[in-house]
Amino acid sequence: NAGVMQNPRHLVRRRGQEARLRCSPMKGHSHVYWYRQLPEEGLKFMVYLQKENIIDESGMPKERFSAEFPKEGPSILRIQQVVRGDSAAYFCASSPTKVETQYFGPGTRLLVL
Amino acid sequence: DQQVKQNSPSLSVQEGRISILNCDYTNSMFDYFLWYKKYPAEGPTFLISISSIKDKNEDGRFTVFLNKSAKHLSLHIVPSQPGDSAVYFCAARKLTGGGNKLTFGTGTQLKVEL
């Protein structure tokens with residue numbers, strides 16, 4: 001039973017480019033969460049999605065960031081026009097229901113040059 | 001506003017001894033608490049959790065204690081092993097109105113020495 005999968009594991013972008021991060025939840029999990037970890041900090045919640053719905057995006061920056069979890073395929077976190085401050089580790093987690101434990105993927109490390 | 005705090009950035013313990021990691025929180029609406037372990041370049045791994053209606057939960061070498069009146073929880077690892085060396089994150093959840101999003105502390109780096 002594969003765990004949460006994220007790709008790419010490492011992503012390098014130049015300022016102004018777009019970054020697309022993908023997350024495939026564990027089998028049977030329909031709840032997906034994205035977190036960001038800046039250097040020397042804890043993980044910060046960004047967005048919570050169920051299939052085709054954004055449930056809570058209170059942690060998402062208002063501009064340049066968007067997330068989706070389509071009916072088919074992985075969840076995608078999209079960052080447009082990246083800036084150096086977007087450099088961080090982005091983690092995806094999934095859970096089978098709203099109240100059960102979240103299990104994390106290995107993360108995508110984004111570096112903006 | 002840091003609602004979950006881990007005031008010790010690092011902790012060093014000898015193999016076989018007890019490791020005690022501490023966590024404080026400020027939001028009395030949190031109803032569920034979790035501990036995750038994280039190795040470098042990997043994602044957090046779930047360790048153990050506790051509901052706010054309990055004061056203790058045990059799983060093998062890991063025990064979590066919750067003191068609601070003090071808004072404090074701790075993770076005890078007995079006996080500590082070299083493989084326990086990692087960063088430990090405390091996390092809290094406020095289910096009502098907050099969905100299932102987790103609020104994390106900044107982590108404590110545990111080093112278990114031979």
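From a predicted model like this one, the values you see are computed outputs, not experimental measurements.

Caption draft 1: Here's a closer look at the overall build of chain A. Helices and strands together make up the secondary structure of chain A, namely zero helices and 11 strands. In sequence order, chain A lays out its α and β elements as β-β-β-β-β-β-β-β-β-β-β. On C-alpha atoms alone, chain A measures out to a radius of gyration of 13 Å, which is about the 13 Å that the 2.2 N^0.38 rule sets for 113 residues. With the C-alpha coordinates aligned to their principal axes, the bounding extent of chain A is approximately 35 × 25 × 25 Å. Buried positions account for 46% of the 113 residues belonging to chain A. Residue pairs at least 24 apart in sequence account for 53% of intrachain contacts in chain A once pairs closer than 6 positions are excluded. Averaging the coordinates of the 17 positive side-chain charges in chain A and doing the same for the 11 negative ones gives two points 6 Å apart.

Caption draft 2: Structural context of the state of the cysteines. All names here are of chain A. Summed over the entire model, instances satisfying the criterion amount to two disulfides over all chains. Each sulfur of the disulfide joining Cys23 and Cys92 lies 1.7 Å from the other. Across the disulfide from Cys23 to Cys92, rotation about the S-S bond amounts to roughly -50°, and the bridge is consequently left-handed. In this pair, Cys23 sits in strand β3 (residues 19–24) while Cys92 sits in strand β9 (residues 88–95), placing the two residues 69 residues apart along the sequence. Classification of Cys23 by relative accessible area gives buried; the value is 0%.

Caption draft 3: Broad picture of the pairing of strand β6 (residues 53–56) of chain A. All names here are of chain A. For strand β5 (residues 43–50) and β6, the ladder comprises three bridges, and the chain directions are antiparallel. Within the sheet, the bridge partner assigned to Tyr48 lies in β6 and is Asp56. Counting the residues between successive antiparallel strands, the hairpin from β5 to β6 contains two residues, one of them, Glu52, with a positive phi of roughly 70°.

Caption draft 4: Representation of the interface of chain A and chain B in the model. Taken together, the contact pairs 24 residues of chain A with 20 residues of chain B. Both faces considered, chain A and chain B share a buried interface measuring about 1,600 Å² in area, 57% of it formed by carbon and sulfur atoms. When the area that chain A buries against chain B is broken down by residue, the three leading residues are A:Leu43, A:Thr101 and A:Phe104, summing to 27%. A:Asp56 is paired through a salt bridge with B:Lys101; the nearest N and O atoms lie 3.9 Å apart. Joining chain A to chain B, the criterion identifies nine residue pairs in polar contact (both at pLDDT 80 or more). Elements with a contribution of two residues or more to the side of chain A that touches chain B: β4 (31–37), β5, β9 and β10 (103–104) of chain A.

Caption draft 5: Looking closely at the packing of aromatic side chains. Summed over the entire model, instances satisfying the criterion amount to 13 aromatic pairs over all chains. Relative to A:Tyr48, the ring of A:Tyr33 has its centre 4.7 Å away and its plane inclined at 15°; by these criteria the two rings are stacked. Taken together, the residues A:Tyr33 in strand β4 and A:Tyr48 in strand β5 connect sequence positions 15 residues apart. Each member of the pair, A:Tyr33 together with A:Tyr48, is buried. With 5.2 Å between their ring centres and 85° between their planes, A:Phe104 and B:Tyr36 make a pair best called edge-to-face. In this pair, A:Phe104 sits in strand β10 while B:Tyr36 sits in strand β4 (residues 32–38), so the two residues belong to two different chains. Side by side, A:Phe104 and B:Tyr36 carry an identical accessibility label, which is buried. Through successive ring pairs, a cluster of aromatic residues spans A:Tyr35, A:Phe45, A:Tyr103, A:Phe104, B:Tyr36, B:Phe46, B:Phe89 and B:Phe104.

Caption draft 6: Here's a closer look at the sheet that holds strand β7 (residues 65–68) of chain A. Residue and element names in this part refer to chain A. Spatial strand order, β1-β3-β8-β7: four strands in an open sheet with antiparallel pairing. The open sheet has two free edges, formed respectively by β1 (5–7) and β7, since each of these has just one partner strand. Strand-to-strand, the axes of this sheet are offset by a mean angle of 15°, without reference to chain direction. Inspection of the sheet shows β1 paired to β3 by three bridges, in the antiparallel sense. When the bridges of β3 are listed, Asn7 appears paired with Arg22.

What counts, and at which threshold
- Residues numbered from 1 in each chain as written.
- Chains lettered and ligands numbered in written order.
- Predicted model: local features only at pLDDT ≥ 70, side-chain atom pairs only at ≥ 80, totals over all residues.
- Heavy atoms only, no water.
- Helix = DSSP H or I, 4+ residues; strand = E, 2+ residues; numbered from the N terminus.
- Rg over C-alpha atoms; globule rule 2.2 N^0.38 Å.
- Buried < 20%, exposed > 50% of the residue type's maximum accessible area, 1.4 Å probe, protein only.
- Contact = heavy atoms within 4.5 Å.
- Lys, Arg positive; Asp, Glu negative; His and termini not counted.
- Charge placed at Lys NZ, Arg CZ, Asp CG, Glu CD.
- Disulfide = S-S within 2.5 Å.
- Pairing = 2+ DSSP bridges.
- Buried area = accessible area lost by both parts, 1.4 Å probe.
- Salt bridge = Lys/Arg side-chain N within 4 Å of Asp/Glu carboxyl O.
- Polar contact = N/O pair within 3.5 Å; in protein donor to acceptor, adjacent residues only side chain to side chain.
- Phe/Tyr/Trp six-rings, centres within 6.5 Å; stacked < 30°, edge-to-face > 60°.
- Axes fitted to C-alpha atoms, helices over the stretch in contact; angles between N-to-C directions.

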